[in-house]
Amino acid sequence: MPETDPEGWLGEHPEGVPAAEALTFFDGLPAVAVPELTGRWRGSGLPTGSPLDGLLEAYGWYGKEFLDAERVHPLLFTDGTGAPRPVDPALIPIAVLRKRPALARHPVARLVFRGVRPLLTTTRPRARLRSVEHRGVVTAAMVYDALPVIDVFRRISADTVLGLMDLRGLRDPFFFLLQRDAPG
């Protein structure tokens, strides 16, 4: 466990931390069991200097939805009304995010995404949950169906988890927080 309580640690670092410090914090958190993730979760980034910091939020990222271990909507984005809608991650240009994140940050790219987002929505789940060993701990992880991405989770509290996105070709992991939506 981290030396301070995990929620306190997050409160002490509202602007983020270096990736090495985030990894140390992540390593000190307890594992998450797959069934604990069931539900819809609101996401936010934990800035660490990753080229992906802030990108999801800039595009209207809402979070993730875990219906059960076999049915996961890995990317929810808000629609024009603010409602979360599942987007097919296979249609997101991951190579651009990985190799040219500055291009993805351009306002025109965000405008284009907003225009085509309705075409990217899906009702079909695009990921699954599995227990995997990561950094010496067996914990819940979300495995994308069509992308070289695994999101690994550790518990901060019953309703908050820290995610580490392991993307092939990205030197350091991308960190994000998920907070459970209230039922209803």
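Our subject is the structure that appears above.
The residue numbering used here restarts from 1 in each chain and proceeds along that chain's sequence as written. Only residues with pLDDT of at least 70 get local features here, since the model is predicted, and only at 80 or more are side-chain atom pairs given and counted; chain-wide, interface and lining totals rely on the full set of residues. Side-chain descriptors were evaluated using all non-hydrogen atoms of the structure, hydrogens and water having been removed beforehand.

Structural notes on the overall build of the protein chain
Phase 1 of the analysis: Counting from the N terminus, the helices are the DSSP runs of H or I reaching at least four residues and the strands are the DSSP runs of E reaching at least two. A count of helices and strands for the protein chain gives 6 helices and 9 strands.
Phase 2 of the analysis: Viewed in the frame of its principal axes, the protein chain has a C-alpha envelope of about 45 × 35 × 30 Å.
Phase 3 of the analysis: For the exposure calls, accessible area comes from a 1.4 Å probe over protein chains only, and a residue counts as buried if that area is under 20% of its type's maximum, exposed if over 50%, partly exposed in between. Relative to its 184 residues, the protein chain shows a buried fraction of 46%.
Phase 4 of the analysis: Any pair of residues with heavy atoms lying within 4.5 Å of one another is described as a contacting pair. For the protein chain, restricting intrachain contacts to residue pairs at least 6 apart in sequence, the fraction spanning at least 24 positions comes to 56%.
Phase 5 of the analysis: The accessible surface values rely on the Shrake-Rupley method and a 1.4 Å probe; as for residues, cover is taken only from the protein chains in view. Accessible surface computed for the protein chain: about 9300 Å², of which carbon and sulfur atoms make up 56%.

So, the environment of Val138
Phase 1 of the analysis: Tracing the backbone through its elements, the reader meets Val138 in strand 6 (residues 137-144).
Phase 2 of the analysis: Judged by its relative accessible area of 53%, Val138 falls in the exposed class.
Phase 3 of the analysis: Along the sequence, Val138 and Val96 sit 42 residues apart, while their C-alpha atoms lie 31 Å from each other.

Some remarks on the packing of aromatic side chains
Phase 1 of the analysis: By convention, a stacked pair of Phe, Tyr or Trp rings (six-membered ring in the case of Trp) has centres within 6.5 Å and planes under 30 degrees apart, an edge-to-face pair has planes over 60 apart, and any other such pair is tilted. What the rule picks out here adds up to 8 aromatic pairs.
Phase 2 of the analysis: When the ring of Tyr59 is compared with that of Phe113, the centres are 5.1 Å apart and the planes differ by 75°; the resulting orientation is edge-to-face. Within this pair, whereas Tyr59 is found in the loop between helix 3 (55-58) and strand 2 (61-68), its partner Phe113 is found in helix 6 (residues 107-120), the two being separated by 54 residues in sequence.
Phase 3 of the analysis: The class of Tyr59 is buried, set by a relative accessible area of 15%.

Topic: the pattern of salt bridges
Phase 1 of the analysis: Within this document, salt bridges are pairs made up of a side-chain nitrogen of Lys or Arg and a carboxyl oxygen of Asp or Glu, the two lying within 4 Å of each other. Overall, the coordinates contain 10 salt bridges when judged by the stated rule.
Phase 2 of the analysis: Here Lys64 and Asp151 are joined by a salt bridge, their closest N and O atoms 2.9 Å apart. Of this pair, Lys64 sits in strand 2 while Asp151 sits in strand 7 (residues 149-157); the two residues are 87 residues apart in sequence, bridging distant segments of the chain. Each member of the pair, Lys64 as well as Asp151, is classed as buried.
Phase 3 of the analysis: The closest approach of N and O atoms between Glu70 and Arg130, which form a salt bridge, is 2.8 Å. Linking Glu70 in the loop between strand 2 and strand 3 (71-78) with Arg130 in strand 5 (residues 127-134), this pair joins segments that are 60 residues apart in sequence.
Phase 4 of the analysis: Since its relative accessible area comes to 28%, Arg130 is described here as partly exposed.

Focus on the side chain of His134
Phase 1 of the analysis: Position of His134 among the secondary structure elements: in strand 5.
Phase 2 of the analysis: For His134, a relative accessible area of 14% translates into the label buried.
Phase 3 of the analysis: Contact partners of His134, with chain neighbours within four places excluded, come to Phe26, Val152, Arg154, Leu164 and Asp166.

Some points on a nonpolar patch on the surface
Phase 1 of the analysis: Here the term patch refers to residues with relative accessible area over 30% and no salt bridge, with like charges joined within 9 Å and nonpolar side chains (Val, Leu, Ile, Met, Phe, Trp, Tyr) within 5 Å. Judged by side-chain polarity, Val108, Val112, Val116 and Leu119 come together as a nonpolar surface patch covering roughly 360 Å² of accessible area.
Phase 2 of the analysis: Counting through the fold element by element, Val108 comes out in helix 6.

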